[in-house]
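A look at the structure
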Amino acid sequence: MDERIMAKRPSTKSKSPKPAVNQKKRPAQQWRTRLGLHVQALSFGLLTLIVAFTVSWVVLAKYDFMYGVWLDHGGIGQGIDTYGPQNRYKTGFGDTTRDERIRVFSEINSSVHRGGEGLADITYTSPSSDGVHVLLRSPEVIHLQDVANLIDVLFGVAFISVILWCGVSGYLLLVERSMPSLKQQSMAVLALTVPAIVLVLILGPTDVFNQFHIWIFPAGHEWFFYYQDSLMSTLMLAPTLFGWIAIALLVAAAVSFVVIQGVLQVAATTVPRLLTRK
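For every chain, the first residue of its written sequence is number 1, and the numbers climb from 1 along that sequence. Given that the model is predicted, a residue must reach a pLDDT of at least 70 before its local features are reported, and side-chain atom pairs must reach 80 or more before they are shown or counted; all residues, however, enter totals for whole chains, interfaces and linings. Neither water nor hydrogens contribute to the side-chain values; these are computed over all heavy atoms in the structure.

What follows covers the packing of aromatic side chains. For any two aromatic rings, the description comes down to two numbers: the centre-to-centre distance and the angle of the planes. Pairing of aromatic side chains here covers Phe, Tyr and the six-membered ring of Trp, requires ring centres within 6.5 Å, and sorts the geometry by plane angle: under 30 degrees stacked, over 60 edge-to-face, intermediate tilted. This structure, assessed with the given rule, holds 9 aromatic pairs. For the pair Trp 57 and Phe 65, a centre-to-centre distance of 5.0 Å together with 70° between the ring planes defines the contact as edge-to-face. For every residue, the accessible area obtained with a 1.4 Å probe (protein chains only) is divided by the maximum for its type, and the residue is called buried under 20%, exposed over 50%, and partly exposed between those limits. The class for Trp 57 is partly exposed, based on a relative accessible area of 26%. Residue class for Phe 65 comes out buried when judged on its relative accessible area of 6%. Both rings, one in Trp 70 and one in Trp 244, keep their centres 5.2 Å apart while their planes meet at 10°; by these two values the pair is stacked.

Printed below as a string of structure tokens:
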């Protein structure tokens, strides 16, 4: 009887606790994984955004950045009517026709995208101009040549970014067989771009625009022109036109970004299936 009781009696020996090393590692591993995914989404999202801006710029440049729309509805036409007759160096620009203004801007746009070729040869005519006149003075030609040089540099950066984006996209699709979602990339990119936009609005878009000119263009090269001294500034009612172009570029880039992401997400679901079948 005592033996049976003894057999049923539970052991009083305490079991040694399991090591909690793995339990401590899990939160750290999860944190590193989340951080890695966030960095991946941010870097790839920024690359895709550069591609979207490049595509948008090329398309808008082909259509002269919708200059005709801003000329009619963005206050540019009224500005030319006001400041054209006030120019101290050129006559007759105030009563140029709508088609002539669009043509002149189109030639400037084409020239700065061809390394500045032909800037000094752009002319205009109007009923009161008493013949054909050269549009740009020497300081304006120099400034637009600086703009053309900047565009060349930016396109070089964009080209490298597009090549890098193609390589990363191929790696994610063919090797990783996964792609950061549109939500992940959008949230990561917005975390950087929204504060930047807010900062620009706080500082003032015009002040930021002027400061970038000081930083970017060579010292001693004139970049600020009064409307009364520059038909280039009058034609664009700078910086008003650049504001409209910036809005169009942002909208076009946002649409391009979403479209590119849609194509990538479709590819991310179909490519692995095709590879698995093989």
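Joining through side-chain atoms within 4.5 Å is the link that ties buried Ala, Val, Leu, Ile, Met, Phe, Trp, Tyr and Cys residues into a set, and such a set is a nonpolar core. With 32 residues, the main nonpolar core has Tyr 67, Ile 76, Ile 108, Leu 135, Leu 235 and Leu 241 as its most contacted residues. Going through the elements one at a time, α2 (21-62), α3 (67-73), α4 (76-83), α5 (98-112), α6 (138-176), α9 (231-236) and α10 (240-277) are the ones with two or more residues in this core. Residue contacts are counted whenever heavy atoms from the two residues lie within 4.5 Å of one another. Not counting the four nearest positions on each side in its chain, Ile 76 is found in contact with Tyr 67, Trp 70, Leu 71, Leu 235, Met 236, Leu 237, Thr 240 and Leu 241. Core analysis: the second largest hydrophobic core is formed by 15 residues, Val 51, Leu 172, Leu 173 and Val 189 among them. The helix count covers DSSP runs of H or I at least four residues long, the strand count covers runs of E at least two residues long, and both are numbered beginning at the N terminus.

Now for the pattern of salt bridges. What makes a salt bridge here is a side-chain nitrogen of Lys or Arg within 4 Å of a carboxyl oxygen of Asp or Glu, nothing more. Counted under the stated rule, the structure contains 7 salt bridges. Between Arg 98 and Asp 72 there is a salt bridge, and its shortest N-O distance comes to 2.8 Å. Taken together, the residues Arg 98 in helix α5 and Asp 72 in helix α3 connect sequence positions 26 residues apart. Judged by relative accessible area, Arg 98 falls into the partly exposed class, the value being 40%. Arg 137 is the salt-bridge partner of Glu 140, the closest N and O atoms lying 3.9 Å from each other.

Here the expected length of a helix is defined as 1.5 Å per residue gap, with one fewer gap than residues. With 22 residues, helix α7 (residues 182-203) should reach 32 Å at 1.5 Å per residue; the first-to-last C-alpha distance of 31 Å fits that figure. Along α7, the sharpest change in direction is near 35° and occurs at Leu 190. Among the residues making up α7, those that are buried are Gln 185, Ala 188 and Val 189. Just past α7, the residue Gly 204 takes up positive phi, approximately 105°. Fitting axes to the seven residues that end at a residue and to the seven that start at it, the angle between those axes gives the bend at that residue.

A patch consists of residues exposed above 30% relative accessible area that lack any salt bridge, with like charges linked at up to 9 Å and nonpolar side chains (Val, Leu, Ile, Met, Phe, Trp, Tyr) linked at up to 5 Å. With residues, only the protein chains shown are counted as cover, and all accessible areas are computed by Shrake-Rupley using a 1.4 Å probe. A surface patch of nonpolar side chains, amounting to about 440 Å² of accessible area, comprises Ile 247, Val 251, Val 255, Val 259 and Val 263. With respect to the element layout, Ile 247 can be found in helix α10. Here Ile 247 falls in the partly exposed class, since its relative accessible area comes to 46%.

A cis amide bond links Ala 238 to the next residue, Pro 239, at an omega of 5°. Structurally, the position occupied by Pro 239 is in the loop between α9 and α10. For Phe 65, which is not glycine, the phi torsion reads 55° and is therefore positive. Structurally, Phe 65 is set in the loop between α2 and α3. Unlike most non-glycine residues, Leu 237 shows phi in positive territory, near 45°.

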